[in-house]
Amino acid sequence: MLLIPVVDDDGAPFWEYAARGELRVQCCADCDELRFPPRPCCPHCQSFAADWRRMSGRGRIWSYVVPHPPLLPAYADLPGYNAIVVELADAPRIRLVGNLVAAADAPLNSVAPDRLRIGAPVKAVFHTPPGGLTVPRWVLERP
């Protein structure tokens, strides 16, 4: 089984929105600063009031890695898969980790490693494995 995120109380709304196909980021209701990962207190003004702001789902690859064998057993049949860090277009200080794939339900190794480029524009898509948690993935905006 592939690794799945652990849902905690602070992050639960992120996953609920993802299940609806929405990418949202926690926002302080008092000072309007975005924050990720979600947490109970604003690091800017120490307020406990928070909302969730919808993002466009667009960003750029800020960093990436292609793991090489030996891989964890669940990933052994997926050599060439990637893990990317995406800087959101709407909030450049917010970065999310995920995978670049050819389509929402494509295998994790569906994009050749030589297609990965720092700065490449991407957009969010959502994948729900059978009986699993919906996770954001990323596709190239210009394939």
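Going by the structure above, here's the rest.
About the thresholds
- Residues numbered from 1 in each chain as written.
- Predicted model: local features only at pLDDT ≥ 70, side-chain atom pairs only at ≥ 80, totals over all residues.
- Heavy atoms only, no water.
- Pairing = 2+ DSSP bridges.
- Helix = DSSP H or I, 4+ residues; strand = E, 2+ residues; numbered from the N terminus.
- Axes fitted to C-alpha atoms, helices over the stretch in contact; angles between N-to-C directions.
- Contact = heavy atoms within 4.5 Å.
- Polar contact = N/O pair within 3.5 Å; in protein donor to acceptor, adjacent residues only side chain to side chain.
- Core = buried A, V, L, I, M, F, W, Y, C linked by side-chain atoms within 4.5 Å.
- Buried < 20%, exposed > 50% of the residue type's maximum accessible area, 1.4 Å probe, protein only.

1. With respect to the sheet that holds strand β7 (residues 121–127)
Then, in step 1: Ordered by their spatial adjacency, 5 strands build an open sheet running β6-β5-β4-β7-β8, and the pairing between neighbours is antiparallel. Each edge of the open sheet is held by one strand with a lone partner, namely β6 (95–98) and β8 (135–140). The average undirected angle you get between the axes of adjacent strands in this sheet is 45°.
Then, in step 2: Here β7 pairs with β8 via 6 bridges, running antiparallel. Bridge pairing links F126 to P136 in β8.

2. Regarding the environment of T128
Then, in step 1: Within the fold, T128 resides in the loop between β7 and β8.
Then, in step 2: T128 sits 110 residues away from A18 along the chain, and the two C-alpha atoms are 9.5 Å apart.
Then, in step 3: Dropping the residues within four chain positions of it, T128 is found in contact with D105, L133 and T134.
Then, in step 4: Side-chain polar atoms of T128 contact the side chain of T134, separated by 2.5 Å.

3. Section: the nonpolar core
Then, in step 1: Of all hydrophobic cores here, the largest spans 26 residues; its most connected members are L23, L88, L100 and W138.
Then, in step 2: Looking at this core, the elements that each hand over two or more residues are α1 (12–19), β1 (24–28), β5 (83–88), β7 and β8.
Then, in step 3: Those residues in contact with L23 that sit more than four places away from it in its chain are F14, R53, R54, M55, G57, L88, L96, A124, F126, P136 and W138.
Then, in step 4: With 9 residues, the next largest nonpolar core counts L71, Y81, V101 and L108 among its residues.

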